[in-house]
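Here are the chains, one letter per residue:
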Amino acid sequence: MSFIQKHPARIYAVLVAALALVAHYRPELPTALILGFAAATLGIGEVVQRTEDVKTAMAGERVNEHQDHADEPTAE
């Protein structure tokens, strides 16, 4: 589970690539099945984007904290 939380964008990319390969090499699959899976994949993409946005915001806050501490005068 921690791997999924750490690398959602990579997992999403593999999932999308697998969908494209299956759709290409299995043309006998019903179109409705492929379209339904594609729609679900788009929904997962939104979740992945939000997760990455949170991670980016948290990283920015950590950088700001370090910069704030670096600007403080040291007691000598």
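Structure: above.
Residues numbered from 1 in each chain as written. Predicted model: local features only at pLDDT ≥ 70, side-chain atom pairs only at ≥ 80, totals over all residues. Heavy atoms only, no water.

Novice: Give me the overall build of the protein: which residues, what numbers.
Specialist: For the protein, the count of helices and strands is three helices and zero strands. Traced from its N-terminal end to its C-terminal end, the protein shows the element sequence α-α-α. Considering the protein as a whole, with its 76 residues, one finds that 7% of them fall into the buried category. (Helix = DSSP H or I, 4+ residues; strand = E, 2+ residues; numbered from the N terminus. Buried < 20%, exposed > 50% of the residue type's maximum accessible area, 1.4 Å probe, protein only.)

Novice: So what's going on with the pattern of salt bridges? Which residues, and what values?
Specialist: Where side chains of opposite charge bring their charged atoms close, a pairing between them can arise. Applying the stated criterion across every chain, the model contains three salt bridges. For the salt bridge of Glu46 with Arg50, the shortest nitrogen-to-oxygen distance reads 2.8 Å. Here Arg50 and Glu46 lie together in helix H3 (residues 31-71), a separation of four residues that amounts to about one turn. In this structure, Lys55 engages Glu52 in a salt bridge whose closest nitrogen and oxygen atoms are separated by 3.2 Å. Placement of the pair is Lys55 and Glu52 together in helix H3, with a separation of three residues, close to one helical turn. For Glu52, a relative accessible area of 24% gives the class partly exposed. (Salt bridge = Lys/Arg side-chain N within 4 Å of Asp/Glu carboxyl O.)

Novice: Hey, could you go over a nonpolar patch on the surface for me, with residue numbers and the actual values?
Specialist: Side chains of Met1, Phe3, Ile4 and Ile11 sit close together on the surface and give an oily, nonpolar patch of about 440 Å² of accessible area. Examined against the element boundaries, Met1 turns out to sit in the segment before helix H1 (2-6). We classify Met1 as exposed; its relative accessible area is 72%. (Patch = residues over 30% accessible without salt bridge, like charges linked within 9 Å, V, L, I, M, F, W, Y side chains within 5 Å. Areas by Shrake-Rupley, 256 points an atom, 1.4 Å probe, with all protein chains shown as cover.)

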